[in-house]
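# Summary of structural features
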Amino acid sequence: MKTARGFFKPLAIGAPAPWRELPARVERMIHFVPPHLEKVRAKVGEIAPTVDVILANLEDAIPADAKGAALAGTIAMSREVDFKALGVGLWVRINCLNSPWHLDEVATLVEKAGDRIDVIMVPKVEGPWDIFYIDQLLASLEAKHGVTRPILLHAILETAEGVMNVEQIAGASPRMQGVSLGPADLAASRAMKTTRVGGGHPGYRVIEDPHTDGLPRASVQQDLWHYTFAKMVDACAAHGIKPFYGPFGAIDDPVACEQQFRNAFLMGCAGAWSLHPSQIAIAKTVFSPDPAEVAFARRILEAMPDGSGVAMIDGKMQDDATWKQAKVMVDCARQIAAKDAEYAALYGF
Ligand SMILES: CCC(=O)SCCNC(=O)CCNC(=O)[C@H](O)C(C)(C)COP(=O)(O)OP(=O)(O)OC[C@H]1O[C@@H](n2cnc3c(N)ncnc32)[C@H](O)[C@@H]1OP(=O)(O)O
Ligand SMILES: O=CC(=O)O
Ligand SMILES: [Mg+2]
């Protein structure tokens, strides 16, 4: 591991100094766009003002013979829409590091759009060595092309080995912005017997003991992802980066999508992926704290102006710990309100 002083040194002569703090950005939904499809790309200008992040996807879901077109489409998209002026992040998901495509992709992206891309999402990250590699590569390319703002890195947690190493992945570089759970590849990597992309499974449940009178036994679905998810959230929180829920593949089940996103929000996630336009509004509602809860949190902060002592509000005990919970909620709401006029009005900021 690097020394404390070495951690924040640029990795190439002429590369920009690494971020010491993550830029404060609202990232409730990472909206996936297939950039090789001109018809979809043409609509990005319309969709962008409704999302926090547009992600150009180069990896899975893009056919092998369309990888070049997707890369060219990404560069075109970065020029066609002024994402910065809209306050919208521009991310790119590259192909994985053992693929034949990633090297040309990273080189082209930094050369042609290095000052416009905020985050590169790296799939199938297995351990910190993957981050060290891409960190060095980016620094060399940023130096070469005079990029002045370091591109951040986001890892997808989607292999058993990655889950084993998630703590080291989260802390591998000052470029690390966050980690997303990738339940589809992770299921395959673990040989889980499911064909779903995220969410629950009707077969994974607990059942109550038999009744002596023979009445039917109650049984409920359990969360297949809880262990991995909690491990990922703790790793991210400990390293001061953001956890995200990844894809929810049942586009035709908005109710289950909302539940999955809500579980992620409650567990500490900043956002989730939207694969289809219909999932944008779901993510926006879920990852914006509820106005009534924000109002209650503000009462806690007002009741304990210096954050210490004890208070009672509506029959509930408040102390230093609940003050901190309230601060998390109010800070999140303030950040959203600064970007989103609709929520500024709902929160009364
Ligand atoms: C599983 C693990 C992973 O790696 S998940 C990440 C990889 N997958 C993706 O990125 C998928 C992204 N989404 C898509 O490609 C499409 O939404 C899929 C799922 C194929 C569905 O498309 P389609 O059958 O056209 O849906 P639809 O007819 O309901 O579409 C209605 C209109 O919306 C458009 N649309 C669709 N998806 C997007 C999108 N992601 N971004 C922007 N626009 C989108 C469609 O083109 C369609 O437009 P129009 O009404 O025909 O003008
Ligand atoms: O890339 C995402 C996944 O679930 O796999
Ligand atoms: Mg995947």
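These numbers come from a predicted model, not from an experiment.

### Quick notes on the coordination of the magnesium ion (ligand 3)
Of the protein atoms, only Glu-158 (OE) and Asp-185 (OD) coordinate the magnesium ion (ligand 3), at distances of 2.1 Å. In this pair, Glu-158 is assigned in the loop between strand 5 (152–157) and helix 8 (160–164) and Asp-185 in helix 10 (residues 183–189), connecting sequence segments 27 residues apart. Given the relative accessible area of 3%, Glu-158 is considered buried.

### A word on the pairing of strand 1 (residues 29–33)
Along strand 1, five of the five residues are buried, which leaves the element largely enclosed by surrounding structure. Neither face of strand 1 is exposed, since Met-29, His-31 and Val-33 on one face and Ile-30 and Phe-32 on the opposite face are all buried. Direction of pairing for strand 1 relative to strand 10 (residues 271–274): parallel, over a ladder of three bridges. Paired with His-31 across the strands is Ser-274, a residue of strand 10.

### What to know about the site of ligand 1
Residues in close proximity to ligand 1 total 16 residues, the closest being His-31, Phe-32, Lys-43, Leu-275 and His-276. Side-chain polar atom of His-31 to a nitrogen atom of ligand 1: 2.9 Å apart, as the coordinates give it. In the environment of ligand 1, an oxygen atom lies 2.9 Å from a nitrogen or oxygen atom belonging to the side chain of Lys-39. Burial of ligand 1 by the surrounding chains reaches 59%, relative to a free accessible area of 980 Å². Elements supplying a minimum of two residues to the shell around ligand 1: strand 1 and helix 2 (38–41). When the residues that make up the shell around ligand 1 are grouped by side-chain class, the tally is nine nonpolar, three polar and four charged.

### Section: helix 15 (residues 320–339)
An ideal rise of 1.5 Å per residue puts 28 Å on 20 residues; helix 15 measures up with 29 Å between its terminal C-alpha atoms. Those residues of helix 15 that are buried lie in contact with helix 14 (291–303), strand 12 (316–318) and helix 16 (341–347).

### So, the confidence of the model for the chain
This prediction gives the chain a mean pLDDT of 97; 100% of its residues lie at or above 70. ipTM for the predicted complex: 0.99, alongside a pTM of 0.97.

### Structural notes on the nonpolar core
Judged by nonpolar contacts, the single largest core of 69 residues is most densely connected at Ile-54, Phe-83, Leu-109, Ile-120, Ile-134 and Phe-261. Sequence-distant contacts of Phe-83, that is, excluding residues within four places in its chain, are made with Val-44, Ala-48, Ile-54, Met-77, Ser-78, Val-88 and Leu-90. Phe-32, Val-119, Leu-152 and Phe-244 belong to the second largest nonpolar core, which has 11 residues in total.

### Focus on the UniProt feature "domain: HpcH/HpaI aldolase/citrate lyase" (unreviewed entry) in the chain
Taking the UniProt record as the reference, the feature "domain: HpcH/HpaI aldolase/citrate lyase" (unreviewed entry) is found at residues 50–268. With 42% helix and 16% strand, the stretch residues 50–268 has end C-alpha atoms that lie 23 Å from each other.

### A look at the domain arrangement of the chain
Looking at the chain, the domain boundaries give domain 1 (4–287) and domain 2 (293–347). Look at where the C-alpha atoms of domain 1 and domain 2 centre, and you get two points 29 Å apart. Taken together, the contacts link 10 residues of domain 1 with six residues of domain 2. Roughly 680 Å² of surface becomes buried between domain 1 and domain 2 when both sides are summed, with 50% attributable to carbon and sulfur atoms. Linking domain 1 to domain 2 there are four salt bridges. In this structure, the connection of domain 1 to domain 2 is made through four residue pairs in polar contact (both at pLDDT 80 or more). Each residue belonging to the side of domain 1 that touches domain 2 can be placed in one class, and the counts come to four nonpolar, two polar and four charged.

### A closer look at the packing of aromatic side chains
For any pair of aromatic rings, the description rests on two quantities: the centre-to-centre distance and the angle between the ring planes. All told, the structure shown has eight aromatic pairs when counted by the stated rule. The interplanar angle of 55° and the centroid separation of 5.9 Å between the aromatic rings of Phe-229 and Tyr-245 together place this pair among those described as tilted. Residue Phe-229 is found in helix 11 (residues 226–238), and its partner Tyr-245 is found in strand 9 (residues 242–245); the two are separated by 16 residues along the sequence. This pair shows no difference in class: Phe-229 is buried, exactly as Tyr-245 is. Connected via pairs of aromatic rings, a cluster forms that spans Phe-261, Phe-265 and Phe-287. The ring of Trp-101 carries Lys-67 above its face, with NZ or CZ at 4.9 Å from the centroid.

Scoring rules and cut-offs
- Residues numbered from 1 in each chain as written.
- Chains lettered and ligands numbered in written order.
- Predicted model: local features only at pLDDT ≥ 70, side-chain atom pairs only at ≥ 80, totals over all residues.
- Heavy atoms only, no water.
- Donors = N, O, S within 2.8 Å, 3.2 Å for Na, K, Ca; no water.
- Helix = DSSP H or I, 4+ residues; strand = E, 2+ residues; numbered from the N terminus.
- Buried < 20%, exposed > 50% of the residue type's maximum accessible area, 1.4 Å probe, protein only.
- Pairing = 2+ DSSP bridges.
- Near = heavy atom within 4 Å.
- Polar contact = N/O pair within 3.5 Å; in protein donor to acceptor, adjacent residues only side chain to side chain.
- Areas by Shrake-Rupley, 256 points an atom, 1.4 Å probe, with all protein chains shown as cover.
- Nonpolar A, V, L, I, M, F, W, Y, C, P; charged D, E, K, R; others polar.
- Expected span 1.5 Å × (residues − 1).
- Contact = heavy atoms within 4.5 Å.
- pLDDT = per-residue confidence, 0-100.
- Core = buried A, V, L, I, M, F, W, Y, C linked by side-chain atoms within 4.5 Å.
- UniProt positions renumbered as here; feature names shortened; annotations may be inferred.
- Domains from an automatic or database assignment.
- Buried area = accessible area lost by both parts, 1.4 Å probe.
- Salt bridge = Lys/Arg side-chain N within 4 Å of Asp/Glu carboxyl O.
- Phe/Tyr/Trp six-rings, centres within 6.5 Å; stacked < 30°, edge-to-face > 60°.
- Lys NZ or Arg CZ within 6 Å of the ring centre and 35° of its normal.

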